[in-house]
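Now for the letters of each chain:
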Amino acid sequence: TSSDEGSQHTGAIARRPRRRLSAVAADPADPTLRLGTCFGPRVRLSADEFDPPSEEDEVKVGVIGSGYVGLVAGACFADTGATVICADIDEGKIDGLKENVLPIYEPGLREIVVRNQDDGRLSFTTDVGRAIRDSTILFIAVGTPPDEDGSADLKHVLAVAATIGDNLNDFK
């Protein structure tokens, strides 16, 4: 379940107050987008700082989280021809995946994982930063267990978002 997937991350992340994300559209004369939170500083991203991918660029998909959602999504993206790197902080899970030992059962999934690893389109790592830097498209697929009030606990999603911000090296 989602709560099982998220529980492996709880030791490394301190609880933070909920924050609403906000974005301010750029002035046409100023090609930047200002992103931030209600409680934090705004970040200015300029299109001039990053080169958008061209049609010739290979699609490299990064999937952060290799549980029920991330593993299936990553394997399916690879099966459509994309190069995919699935990242997870659970070293045991990643070691198993590299040896085609899947932590979940989904009919046909093992065959897809084996085929795409053998063909070099699917790889696994615990180096989340490298997965972010080496990808052109990113998907966050970490657990969102229920919070005390029953709502989705987004601390893992927010932690990955912060890691993406720390490792952003190009237009994604």
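So, a few notes on the structure that sits alongside this text. Remember, predicted model here, so these are calculated numbers, not experimental data.

Rules of the game
- Residues numbered from 1 in each chain as written.
- Predicted model: local features only at pLDDT ≥ 70, side-chain atom pairs only at ≥ 80, totals over all residues.
- Heavy atoms only, no water.
- Salt bridge = Lys/Arg side-chain N within 4 Å of Asp/Glu carboxyl O.
- Helix = DSSP H or I, 4+ residues; strand = E, 2+ residues; numbered from the N terminus.
- Buried < 20%, exposed > 50% of the residue type's maximum accessible area, 1.4 Å probe, protein only.
- Polar contact = N/O pair within 3.5 Å; in protein donor to acceptor, adjacent residues only side chain to side chain.
- Contact = heavy atoms within 4.5 Å.

Okay, the pattern of salt bridges next. This model, assessed by the stated rule, comprises 5 salt bridges. Here Arg-130 ties to Asp-134 by a salt bridge, and the two come within 3.4 Å at their closest N and O atoms. In this pair, Arg-130 and Asp-134 are both assigned in helix H5 (residues 128-134), 4 residues apart and thus about one turn of the helix distant. Of the residues examined, Arg-130 reaches a relative accessible area of 32% and is grouped as partly exposed. Look at Asp-134 and you get partly exposed, because its relative accessible area is 39%. For Lys-155, the salt bridge goes to Asp-153, with nearest N and O atoms at 3.6 Å. Each member of the pair, Lys-155 as well as Asp-153, carries the same accessibility label: buried.

So, on to the side chain of Gln-117. When you line up the elements, Gln-117 lands in helix H4 (residues 109-118). For Gln-117, the side chain forms a polar contact with the main-chain oxygen of Leu-97, separated by 2.9 Å. Residues within four places of Gln-117 in sequence aside, it is in contact with Leu-97, Lys-98, Asn-100, Leu-122 and Phe-124.

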